[in-house]
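Structural features, examined
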Amino acid sequence: MKTETLEKLQAAIRDIEDFPKPGIVFKDITPLLLDPEVFKLAIDELIATLEGQKVDKIIGIDARGFIFGAVIAHQMGIGFVPVRKVGKLPHDTESVAYSLEYGEAEIQIHQDAISAGERVMIVDDLLATGGTAAAAIELVKRLGGELVAASFLIELDFLNGRELLGADVPVHSLLNY
Ligand code: AMP
């Protein structure tokens, strides 16, 4: 990535301290979404993490992964699959429960969203502890999908989320903190 691009992306992420609870620094991506030039740079750089590899579908994680994932799918001319929080998908689902810092969470995918052997890319705005992305990877594997990349706009390196995703998963992030 060009230094100029990196600087524009960094400048468009706003730190909000103590949100949603004390001690958390929330990475607010809404300034980036507001700026059409920087939003496009982010999309282009996320697509570039594929390094020209062919993919059949983009998997976006609820909810900010939808924003980036849907635009990437549209730009690449391929299908988009939402991975949603439990209870939101209306048809037959596959589910994975996982641990959060406090308590449990569960995400779901439609069983017919990925066919066995399809090559997919997972997209989310931010990789923190990796619990959410690891659960999404498990959903993709259960449906027989082949994970080409898990790409994030932001990675919080100090939480080591990457380690939870497995050595066989190509993980990419544009901005590291
Ligand atoms: P995790 O499962 O811990 O990797 O958390 C990842 C999910 O939580 C992503 O979908 C992020 O959108 C959100 N998230 C976690 N930490 C932050 C943070 N510091 N700022 C913004 N979003 C966050």
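Before reading further, recall that the structure is shown in the block above.
A short tour of the structure in this document, coming up. Keep in mind that what you see is a predicted model, and the values were worked out from it rather than measured.

**What to know about the side chain of Asp125**
Note on placement: Asp125 falls in strand 7 (residues 119-127). Classification of Asp125 as buried rests on a relative accessible area of 4%. Within polar-contact distance, the side chain of Asp125 engages the side chain of Arg64 at 2.6 Å. Contacts of Asp125, omitting those with residues within four sequence positions, involve Ile29, Arg64, Gly65, Phe68, Phe152, Leu153 and Ile154.

**Quick word on the environment of Ile43**
Considering the arrangement of structural elements, one finds Ile43 in helix 3 (residues 36-48). On the basis of relative accessible area, Ile43 is assigned to the buried category, the value being 3%. C-alpha separation for the pair Ile43 and Gly69, spaced 26 residues apart in sequence, amounts to 8.7 Å. Ignoring anything within four residues of it in the chain, the contact list for Ile43 reads Phe68, Val71, Ile72 and Gln75.

**A closer look at the site of the ligand**
With respect to spatial proximity, 13 residues lie near the ligand, and among them Arg64, Asp125, Thr129, Gly130 and Thr132 are the closest. Take Asp125: an N or O atom from its side chain is 2.8 Å from an oxygen atom of the ligand. Within the side chain of Thr129, a nitrogen or oxygen atom sits 2.5 Å from an oxygen atom of the ligand. Considered on its own, the ligand offers 490 Å² of accessible surface; in the complex 83% of this is hidden by protein. The site holding the ligand turns out to be the largest pocket. Contributions of two or more residues to the shell around the ligand are made by strand 2 (25-28), strand 7 and helix 5 (131-142). Across the shell around the ligand, the residue classes break down as five nonpolar, four polar and four charged.

**Quick look at the environment of Ala48**
Within the secondary structure, Ala48 sits in helix 3. With 96 residues separating them in the primary sequence, Ala48 and Gly144 have C-alpha atoms 24 Å apart.

**So, the packing of helix 1 (residues 3-11) against helix 3**
At a minimum axis distance of 10 Å, the contact between helix 1 and helix 3 shows a crossing angle of 120 degrees. Here helix 1 runs over helix 3; the crossing is left-handed. Together, Thr5, Lys8 and Leu9 of helix 1 and Glu37, Val38, Leu41, Ala42 and Glu45 of helix 3 make up the contact between the two elements.

What counts as what
Residues numbered from 1 in each chain as written. Predicted model: local features only at pLDDT ≥ 70, side-chain atom pairs only at ≥ 80, totals over all residues. Heavy atoms only, no water. Helix = DSSP H or I, 4+ residues; strand = E, 2+ residues; numbered from the N terminus. Buried < 20%, exposed > 50% of the residue type's maximum accessible area, 1.4 Å probe, protein only. Polar contact = N/O pair within 3.5 Å; in protein donor to acceptor, adjacent residues only side chain to side chain. Contact = heavy atoms within 4.5 Å. Near = heavy atom within 4 Å. Areas by Shrake-Rupley, 256 points an atom, 1.4 Å probe, with all protein chains shown as cover. 1 Å grid on protein atoms, 1.4 Å probe; cavity = no way out; pocket = protein on both sides within 12 Å on 5 of 7 lines; lining within 4 Å. Sits in = over half its atoms within 2 Å of the grid points. Nonpolar A, V, L, I, M, F, W, Y, C, P; charged D, E, K, R; others polar. Axes fitted to C-alpha atoms, helices over the stretch in contact; angles between N-to-C directions. Left-handed = near helix turned anticlockwise from the far one by under 90°.

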